[in-house]
Amino acid sequence: MSLDRAIGIMCPDIWGTYFCELLGGIQSAAARSGYRVIAVKSSPRYVHELKLARDQIDGWIALIDPTDIERFLDDGRPVVTLSTRARDARCPHVLPDNHGGAVAAVRHLIQHGHRRIVFAGHMAHDDIRQRFQAYRDALDEGGIPYDPALVIELPSNERASGRFAVQRLFEAGLPCTALFVATDQGALGALDALVEAGVRVPEDMALVGFDDIEAARYASPPLTTVRQQFDWLGSTAAQILIDLLAGRDVPSAGHIGPTTLVVRRSCGCSPALAQAEPALPGGAAGEADALARDLVALASFSTTLDRSAAPPSEEDAWPGVTEVVLGLQAAVQGRPGPAAAALERAWREAVEQMPDIDLLLAMIDRLERAGQTMLDGAGDAAAERVAAYVREARRAMMRSRVAVETARADYLNGLLDINLVIRETLLEHAGGGGSKLSWLSAVQMSWGCLAVWEAPADAGPALRIVESSCPGDQAASPAPGTRVTAAEFPRGDWLPAAVQYDGDHVIRLIPLRSEDQDRGVMAVCAPVSSPLGLDHRDMAVWVAMLTAAFERASLIESLVEQERQTRAAYERERALADAVRRLGCPVIPLDGGVLLVPLVGVIDLERARQVLEVVLTEISRQEADVLLMDITGVPFADMQVAESLVKTARAAVLLGAEVIVVGMRPQVAQGFTQLGVDLEGMTLHSTLGRALSALRQRRAKRG
């Protein structure tokens, strides 16, 4: 099925676990209805001003930032906001149950006996403000007075903001016993800072977050948090937008997604299992059933959403538990048990589902106690078989744990290698030459296109293609130099099949901005589950480096242009100087080797040197034998004028030319007399006409 229509997403960040999990829900709903997805890393205001992808996108989802979405609505394009609300009643919104989830989190801390509970969050976002209000409501419900001193406003939702919160707590002397951070990223940053400072979590400080991102499970201790159903939020927002585009009725009320408290050890909870087993009905069989239930409870401790509901079934919580229990029974009875590979898979399932090492060890302890109960005097041989089985289970669990950690370490090392390749590529071609997109295949991207902004045309802002790349597919990528309007970028016929037909990839548009101007736009195509989703900071670094490469190329281009302009200015200046020289001392060739030099205006020292240089050069070049110096235009005669005239005349004589001075006015003659200037060797005439007439007569007599 060809995906000819498109849903757009506007978001301050289009990478990272949070966005990618929402994107998964959006993309699945869009693909079912024949829409591709284009995500733009920008605010609605910027997208609308530049008309970016306007002709490609039928409707928009605005994530987190709702500013100026009214412009899109006025243009006739529907908008749905996700994780935020807009003031415009025409715009449906989809939100997680921020209030209910946050109330449950604070209520849980109160049930643990905490009364000094700190709230920390970035209040600029609507989601966080709702969670803050829920915090206040939960305190009021618990009869705890609200204390503004226990509220820390964070500068962002990033991990570093959690460290900022802990710093503030230490500055205030740790006036609390529990900390509720409005996002998991912030909570994990707080956990890092608390552990580094020697504060035990949860013994000294209970900690709860919100979101339930993957890293919350791998924290030490694992983070108690409020789980959002990201896929529900994303798919619901996309489906509402699709219904609007189809003209179907959409309820005007907000759409609220469920949230649930996920209890882990950071709040002080731990699985409550019996430490000593009384005699159970059914003997070994009864103990086997109890063991299976306890192991399932341990395996699902970090993932069970509702503690009041019935415990999950073995098939749902940990399918491999059956193999583990059967293996223990076989060891007690001395018969063959499940294959070693099946037991290895079972423990790998447990480790992948529940990375908490303390709970994994608790599972082994529970297995060992169950084995002792099942023996019930079965003899030393049976006891040795059970001990061997437990030892092998512990080794299998540890091997699985090491394998999981190794896989994560391999991923991180691979990401470091990718970073090195990308940085070398971008730095190597920072001067503007070579490929800037050759690194796309290293990060599982199937297509990319790089364009720079050009001066707006009649059709609006325009882009010029610098480079396109399609590492893993054949696509009609645009040639360098192709110009398109921002509204049609990227054109659908440029895209690979993974976007046009399969629907498992999405397009991301990343503006390249420096402090002083917008440089261009990079469009990339990648799977929703791209590894880049795990850490958006890497992509941010790569984009910054690419922008810096453009800035460097632009700077070099600017310097080259400045040099060209300087050279052109120098040439103009030199030509002007030559013109001034020619005008200051014009030399007019007449017939028969006669040069006429009309002098006009004041003759200063610089002009005197110029007259001498020009006259001598022209006498020599044209082999003149007569120099007519017309001084009619010289207003007065001072020593400088006199010396200039005498020097020029004498030099001309040395070159073999006769010197005739024309236009000697009375005041000039009087000045020469007073100055004692010797005009010997020069012929004088009152006018140019008389001088030329005398010259012709003399030559006629000679001829």
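Data block above holds the structure.
These figures come from a predicted structure and were not determined experimentally.

Undergrad: Would you mind going over the overall build of the protein chain with me for this structure?
TA: Summing up its helical and strand segments, the protein chain has 21 helices and 22 strands in all. The buried share of the protein chain, reckoned over its 703 residues, is 49%. Of the contacts made within the protein chain by residues no fewer than 6 positions apart, 70% connect residues no fewer than 24 positions apart. On the protein chain, roughly 32200 Å² of surface is accessible, and the fraction owed to carbon and sulfur atoms is 53%.

Undergrad: Could you clarify how one ought to interpret the sheet that holds strand E7 (residues 151-153) in this entry?
TA: If you walk across this open sheet you meet the four strands as E7-E6-E8-E9, and the pairing is parallel. Sheet topology places E7 and strand E9 (206-208) at the edges, where each strand pairs with a single neighbour. Mean inter-strand twist for the sheet, computed between neighbouring axes without regard to direction, equals 15 degrees. Pairing of strand E8 (residues 178-181) with E9, which is carried by three bridges, proceeds in the parallel orientation. In the strand pairing of E9, Ala178 is matched with Ala206. Along the sheet face, helix H4 (residues 98-111) touches strand E6 (117-121), E8 and E9 and points at about 170 degrees away from the line of E8.

Undergrad: Looking at this structure, how should I read the sheet that holds strand E22 (residues 683-685)?
TA: Pairing between the strands of a sheet is mediated by backbone hydrogen bonds and can be parallel or antiparallel. Ordered in space as E18-E19-E20-E21-E22, the five strands form an open sheet in which the pairing is mixed. Since the sheet does not close on itself, it has two edges, and those belong to strand E18 (588-590) and E22, each with one partner. With direction set aside, neighbouring strand axes in the sheet form an average angle of 25 degrees. When E18 meets strand E19 (residues 594-600), the two strands line up antiparallel, connected through three bridges. Within E19, the residue paired with Pro589 across the bridge is Leu595. Sitting on the sheet, helix H19 (residues 639-654) touches strand E20 (626-633) and strand E21 (658-662), and the angle it makes with E20 is about 165 degrees. Relative to E20, helix H21 (residues 688-702) is tilted by about 160 degrees, and along the sheet it contacts E18, E19, E20, E21 and E22.

Undergrad: What should I look at first to understand the side chain of Ser83 in this one?
TA: For Ser83, the location among the structural elements is in the loop between strand E4 (79-82) and strand E5 (93-96). Within the structure, Ser83 has its side chain in polar contact with the side chain of Tyr18 (distance 2.9 Å). Contacts of Ser83, omitting those with residues within four sequence positions, involve Tyr18, Leu63, Ile64, Val94, Leu95, Pro96 and Asp127.

Undergrad: Can you help me understand the nonpolar core in this one?
TA: A general tendency of soluble globular proteins is for nonpolar side chains to be buried together. Residues Phe119, Tyr135, Leu179, Phe180, Trp318, Trp347 and Met363 are the most contacted members of the largest nonpolar core, which totals 90 residues. When sequence neighbours within four positions are dropped, the list of residues in contact with Phe119 reads Ile128, Arg131, Phe132, Tyr135, Leu150, Val151, Ile152, Phe180 and Ala182. With 38 residues, the next largest nonpolar core counts Ile14, Trp15, Leu233 and Leu437 among its residues.

Undergrad: Please explain the pairing of E6 as it appears in this structure.
TA: Across a regular strand the side chains alternate sides, sitting on one face of the sheet and then on the other. Within E6, five of the five residues are buried, which leaves the element mostly enclosed by the surrounding structure. The sheet contact formed by E6 and E8 spans four bridges and is parallel. Bridge pairing in E8 places Ala120 opposite Val181. Of the pairings in the sheet, the one linking E6 to E7 comprises three bridges and is parallel in character. Across the sheet, Ala120 pairs through a bridge with Ile152, a residue of E7. A crossover links E6 with its parallel partner E7, the connecting element being helix H5 (residues 126-141), and its sense is right-handed.

Undergrad: How should the packing of helix H1 (residues 16-32) against helix H9 (residues 230-245) be read in this particular structure?
TA: Geometry of a packed helix pair, given as the angle between the helix axes and the separation of the axes. Their axes nearest at 7 Å, the elements H1 and H9 cross at an angle of 45 degrees. When the interaxial angle is binned, H1 and H9 end up oblique. The interaxial crossing formed by H1 with H9 has right-handed handedness. Residues Tyr18, Glu21, Leu22, Gly25, Ile26, Ala29 and Ala30 of H1 form the contact with H9, whose own contacting residues are Phe230, Asp231, Leu233, Gly234, Ser235, Ala238 and Ile242. Residues that form the contact of H1 with H9 fall into these classes: nine nonpolar, three polar and two charged.

Undergrad: Sorry if this is basic, but what is going on with the packing of aromatic side chains here?
TA: Given two aromatic rings, one states the distance between the centres and the angle between the planes to describe the pair. Applying the stated criterion across every chain, the model contains nine aromatic pairs. Ring geometry for Phe119 and Phe132: centres 5.3 Å apart, planes at 50 degrees, overall tilted. Of this pair, Phe119 sits in strand E6 while Phe132 sits in helix H5, and the two are 13 residues apart along the sequence. Both residues of the pair, Phe119 and Phe132, belong to the buried class. Consider the rings of Phe132 and Tyr135, whose centres lie 6.2 Å apart with planes at 25 degrees: the pair is stacked. Of the two residues, Phe132 and Tyr135 both sit in helix H5, three residues apart, roughly one turn of that helix.

Each value, and the rule that gives it
- Residues numbered from 1 in each chain as written.
- Predicted model: local features only at pLDDT ≥ 70, side-chain atom pairs only at ≥ 80, totals over all residues.
- Heavy atoms only, no water.
- Helix = DSSP H or I, 4+ residues; strand = E, 2+ residues; numbered from the N terminus.
- Buried < 20%, exposed > 50% of the residue type's maximum accessible area, 1.4 Å probe, protein only.
- Contact = heavy atoms within 4.5 Å.
- Areas by Shrake-Rupley, 256 points an atom, 1.4 Å probe, with all protein chains shown as cover.
- Pairing = 2+ DSSP bridges.
- Axes fitted to C-alpha atoms, helices over the stretch in contact; angles between N-to-C directions.
- Polar contact = N/O pair within 3.5 Å; in protein donor to acceptor, adjacent residues only side chain to side chain.
- Core = buried A, V, L, I, M, F, W, Y, C linked by side-chain atoms within 4.5 Å.
- Right-handed = clockwise from strand over helix to strand, strands pointing away.
- Parallel < 35°, antiparallel > 145°, perpendicular 65-115°, else oblique.
- Left-handed = near helix turned anticlockwise from the far one by under 90°.
- Nonpolar A, V, L, I, M, F, W, Y, C, P; charged D, E, K, R; others polar.
- Phe/Tyr/Trp six-rings, centres within 6.5 Å; stacked < 30°, edge-to-face > 60°.

In short, the description is geometric, and any link to function would need to be established separately.
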